[in-house]
Amino acid sequence: MPDLLDTRLPSADNASLEYTPAQMAAMGEAVVARAVQHLASLDRQPSRGDVDAAELCRALREPIPETGTPLGPVLDHLFDELIPRSFTTPGPGYLAYIPGGGVYPAALADFIADTTNRYTGVWQASPALVQLEANVLDWLRDWMGFPPGASGLLTSGGSMATLNAILCARERHLGTEIRRGTLYVSDQGHHCIEKAAKLAGIFHDRVRLVPSDAAFRMRTDTLAAMIAEDRAAGLQPFLVASSAGTTNTGAVDPLTDIADLCAREAMWHHVDGAYGAFFHAVPALRPLLDGLPRADSLTLDPHKGMFLPYGTGALLVRDGEALRAVHAATAGYLPAQQSEFYDPSQYGPELSRGFPGLRVWMALKLAGAARYRAAIAEKRDLAVWAAERVARIPGVVMDAWPQLSLFAFHLEGSRLTTLDAQNAATAELMERVTRRGRVMLTGCTVQGRHLARICVLSFRTRRAEMEACVSQITDETRDLLA
Ligand SMILES: *Cc1c(COP(=O)(O)O)cnc(C)c1O
């Protein structure tokens, strides 16, 4: 009887990389056991692991291992030494930045995608599997209220989706006259927009930062004036990138006003919904994102609002032809193009790729859309519940109430006589609460003021974490202001 946990490759045949079926089953079981044990203990893990790990990183450097190691010690090393040295992003207490998720069916889908390793870059190689990805894009399109002619693309994240959106708009409006084009984004827009613009050949001297109002939303009057000024200078305003939920404070830009303006100006309206778009899946919350379905393109991040593991972004483009026009390509060694079915390589920059569609499909298929909508709605309810209580804590000044599921505030007190002192106390509050280990919070700096922020978007965050969060903020604020 061979030792099933001896997962080394056969020594008699040193050119083989194949494991026996029994080994594969044992290895799979060992991984699942560790992963499930990890998930089951998430609520007891510190919300922020010890990430002061420069020494560890230096110690980890090693030359290419010449011979193999059994799986057991490798798993021990990963799960015991490395994984805990990180932010506990899948944990229920992760209220920092924009939380993600990691629903279990997605991991199973990735396992299936990786073991069966079918080629989903071109439709002909696995038509039925590519159809599942096409279904997923149709489902996202329906949730976002986009028309049937819209098309989309699964990307590795929101940044890549944004890059593709800017490329569509550039191709549609500027052709080869790239240097004439100007792009507009609010001073609260995500930095990936400027980065994507640069990657798309729209350099900083053609990017305009539009000021935001007291609620951190893009000022459309100023936007209109900036567009007029650029036109008068002989430039060609071609794209406005607005936010459906900013990372700093969760602000939703006036999407309808911007859509109207873009229609009048014959410009492309891109909406960055990486954080907020999935709230549109809940009919009762659609008024919060009024105008979103009118966007020419929309960045979505299923690894945030659909609680999927990192590496799942998405783009929707109202005129699917615009997306195809940028990416369609052919070669003598590829199958002839067809037009009836969705083909990832004709709508995106990649050829060989993983199979991101399966994880989205499997997650929705197993849970059902109704449960997703309920989970998304609950995250907003939890944020509203917590904001009402945090706002009543003496010394707390609310800067942004939750428009979606994120709110921001700062501390003031008789002893905090300067902006610097208020900023330091507000940052210290985030740090102290995080150090307690139950929830992880991060702040941000907006126009010189440091803001505390709480963002609820992990599917594992429930009422218990929010109660702990509010009570710890109450205690630490009292302590800091005493
Ligand atoms: C996360 C985020 C992005 C960037 O998306 P990635 O998936 O991290 O590349 C862009 N905009 C907003 C508002 C975000 O929250």
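These numbers come from a predicted model, not from an experiment.

Chemist: Give a description of the pattern of salt bridges that names residues and reports values.
Modeler: Scanning the entire structure with this criterion turns up 32 salt bridges. Residue Arg 34 is joined to Asp 80 by a salt bridge in which the shortest nitrogen-to-oxygen separation is 2.8 Å. Residue Arg 34 is located in helix α1 (residues 21-40), and its partner Asp 80 is located in helix α3 (residues 71-82); the two are separated by 46 residues in the primary sequence. Arg 34 sits in the buried class, given a relative accessible area of 17%. Judged by relative accessible area, which is 44%, Asp 80 ranks as partly exposed. With its nearest N and O atoms 3.3 Å apart, the salt bridge here joins Asp 479 to Arg 432. On the criterion of sequence distance, the pair formed by Asp 479 in helix α16 (residues 463-481) and Arg 432 in helix α15 (residues 419-435) is long-range, its members being 47 residues apart. Overall, the relative accessible area of 52% leaves Asp 479 in the exposed class.

Chemist: I'd like to hear about the site of the ligand, residue by residue, with values.
Modeler: By nearness alone, 14 residues border the ligand, and Gly 158, Ser 159, Asp 272, Asp 301 and Lys 304 come closest of all. A distance of 3.4 Å separates an oxygen atom of the ligand from a polar atom in the side chain of Thr 247. Separating an oxygen atom of the ligand from a side-chain N or O atom of Asp 301 is a distance of 2.6 Å. Notes on the ligand: free accessible area 380 Å², of which the protein chains cover 85%. Counting only elements with at least two residues in the shell around the ligand, the list comes to α6 (158-173) and α10 (302-305).

Chemist: Account for the side chain of Glu 465, naming residues and giving values.
Modeler: Within the secondary structure, Glu 465 is located in helix α16. If we skip the residues at most four places from it in the chain, Glu 465 touches Pro 92, Gly 93, Arg 438, Val 439 and Arg 460.

Chemist: Break down the environment of Thr 88 for me, citing the residues and quoting the values.
Modeler: Note that Thr 88 resides in the loop between α3 and α4 (104-116). Separated by 40 residues in the primary sequence, Thr 88 and Arg 48 have C-alpha atoms spaced 5.4 Å apart. Residues contacting Thr 88, with those up to four places away along its chain left out, are Leu 42, Gln 45, Pro 46, Ser 47, Arg 48, Gly 49 and Tyr 94. Only 2.5 Å separates the side chain of Thr 88 from the backbone oxygen of Pro 46, close enough to count as a polar contact.

Chemist: Outline the sheet that holds strand β10 (residues 443-446), supporting the account with residue identities and numerical values.
Modeler: The strands making up a sheet associate through backbone hydrogen bonding, with each pair oriented either parallel or antiparallel. Reading across from one edge, β8-β9-β11-β10 is the order of the 4 strands in this open sheet, with antiparallel pairing throughout. Each edge of the open sheet carries a strand with a single partner, namely β8 (396-400) and β10. In this sheet, adjacent strand axes meet at a mean angle of 40 degrees when their direction is disregarded. With 4 bridges connecting them, β10 and strand β11 (residues 449-455) associate as antiparallel partners. Following the sheet pairing, Cys 444 is matched in β11 by Leu 451. Each of β8 and β9 (406-411) touches helix α14 (residues 369-391); the most contacted strand, β9, lies at about 15 degrees to it.

Chemist: Describe the domain arrangement of the protein chain, with residues and values.
Modeler: Here the protein chain is partitioned into domain 1 (21-59 + 69-88) and domain 2 (371-481). Across the boundary between the two partners, domain 1 contributes 7 residues, which contact 8 residues of domain 2. In total, domain 1 and domain 2 occlude about 580 Å² of area from one another, counting both sides; carbon and sulfur atoms represent 54% of this. When residues of domain 1 are sorted by the area they lose upon contact with domain 2, Leu 42, Ser 47 and Arg 48 head the list and together hold 73% of the total. Inspection of the domain 1/domain 2 interface yields 1 salt bridge. Its salt-bridge partner being Arg 48, residue Glu 431 comes within 2.9 Å of it at the nearest N-O pair. For the interface between domain 1 and domain 2, the tally reads 3 residue pairs in polar contact (both at pLDDT 80 or more).

Chemist: Now, about the pairing of strand β1 (residues 151-155): what can you tell me, with residues and values included?
Modeler: When you tally the buried positions in β1, you get 5 out of 5 residues, the bulk of the element. Burial of β1 is two-sided: the residues Ser 151, Leu 153 and Thr 155 facing one way and the residues Gly 152 and Leu 154 facing the other way are all buried.

Chemist: Help me get a handle on a nonpolar patch on the surface, residues and values and all.
Modeler: The grouping of Val 32, Val 36, Tyr 104 and Leu 108 at the surface amounts to a nonpolar patch, some 290 Å² of accessible area in total. Elements that contribute at least two residues to the nonpolar patch include exactly α1 and α4. Inspection of the secondary structure puts Val 36 in helix α1.

Chemist: Lay out the side chain of Thr 461 with the relevant residues and their values.
Modeler: Position of Thr 461 relative to the elements: it lies in the loop between β11 and α16. On the basis of relative accessible area, Thr 461 is assigned to the buried category, the value being 0%. Apart from the residues lying within four places of it in its own chain, the contact partners of Thr 461 are Pro 92, Tyr 94, Leu 95, Glu 378, Lys 379, Leu 382, Val 456 and Met 466.

Chemist: I'd like a description of empty space enclosed by the protein, backed by residues and values.
Modeler: What the rule picks out here adds up to 2 cavities of 30 Å³ or more. Considering only enclosed or pocket space, the largest cavity measures out at about 70 Å³ in volume. Along the wall of the largest cavity there are 13 residues; nearest its centre are Leu 42, Gln 45, Pro 92, Gly 93 and Arg 438. Taken together, the residues of the lining of the largest cavity sort by class into 4 nonpolar, 6 polar and 3 charged. Lining the lining of the largest cavity are residues from two domains, each supplying at least three of them: domain 1 (21-59 + 69-88) and domain 2 (371-481). Contributing to the lining of the second largest cavity are Val 122, Gln 124, Ala 329, Thr 330, Leu 334, Pro 335, Ala 336, Gln 337, Asp 343 and Gln 346. Its residues assigned to classes, the lining of the second largest cavity comprises 5 nonpolar, 4 polar and 1 charged.

What counts, and at which threshold
Residue numbers restart at each chain and count upward from 1, following the sequence in its written direction. Given that the model is predicted, a residue must reach a pLDDT of at least 70 before its local features are reported, and side-chain atom pairs must reach 80 or more before they are shown or counted; all residues, however, enter totals for whole chains, interfaces and linings. No hydrogens and no water enter the side-chain calculation; it runs on all heavy atoms of the structure. Criterion for a salt bridge: a side-chain nitrogen of Lys or Arg within 4 Å of a carboxyl oxygen of Asp or Glu. Segments assigned H or I by DSSP are reported as helices when at least four residues long, segments assigned E as strands when at least two residues long, and all are numbered from the N terminus. A simple rule labels every residue: compare its accessible area, found with a 1.4 Å probe on the protein chains alone, to the largest value its type can have, and call it buried under 20%, exposed over 50%, or partly exposed in between. Whether a residue is near a molecule or strand depends on its heavy atoms: it is near if one of them lies within 4 Å of it. Residues adjacent in sequence count toward polar contacts only when both atoms are side-chain atoms; beyond that, a polar contact is any pair of N or O atoms within 3.5 Å, and within protein one must be able to donate a hydrogen and the other to accept it. The accessible surface values rely on the Shrake-Rupley method and a 1.4 Å probe; as for residues, cover is taken only from the protein chains in view. Only heavy atoms matter for contacts: two residues are in contact if any of them lie within 4.5 Å across the pair. Whether two strands pair comes down to DSSP finding at least two bridges between them. A fitted line through C-alpha atoms represents every axis, and for helices the fit uses only the stretch in contact; the resulting angles, taken between N-to-C directions, go from 0 to 180 degrees. Domain ranges listed in this record stem from an automatic or a database domain assignment. Accessible-area loss on putting two parts together, using a 1.4 Å probe and summing over both, is the definition of buried area adopted here. Residues forming no salt bridge and having over 30% relative accessible area are the ones grouped into patches, like charges within 9 Å of each other and nonpolar side chains (Val, Leu, Ile, Met, Phe, Trp, Tyr) within 5 Å. Method remark: on a 1 Å grid restricted to protein atoms, a set of points is classed as a cavity if a 1.4 Å probe fits but cannot get out and as a pocket if it is open with protein on both sides within 12 Å along at least five of seven lines; lining residues have an atom within 4 Å of a point. Grid points are joined across faces, edges and corners, and a volume is the space filled by probe spheres set on the points. Any residue that is not Ala, Val, Leu, Ile, Met, Phe, Trp, Tyr, Cys, Pro, Asp, Glu, Lys or Arg is counted as polar, Gly included; the first ten are nonpolar and the last four charged.

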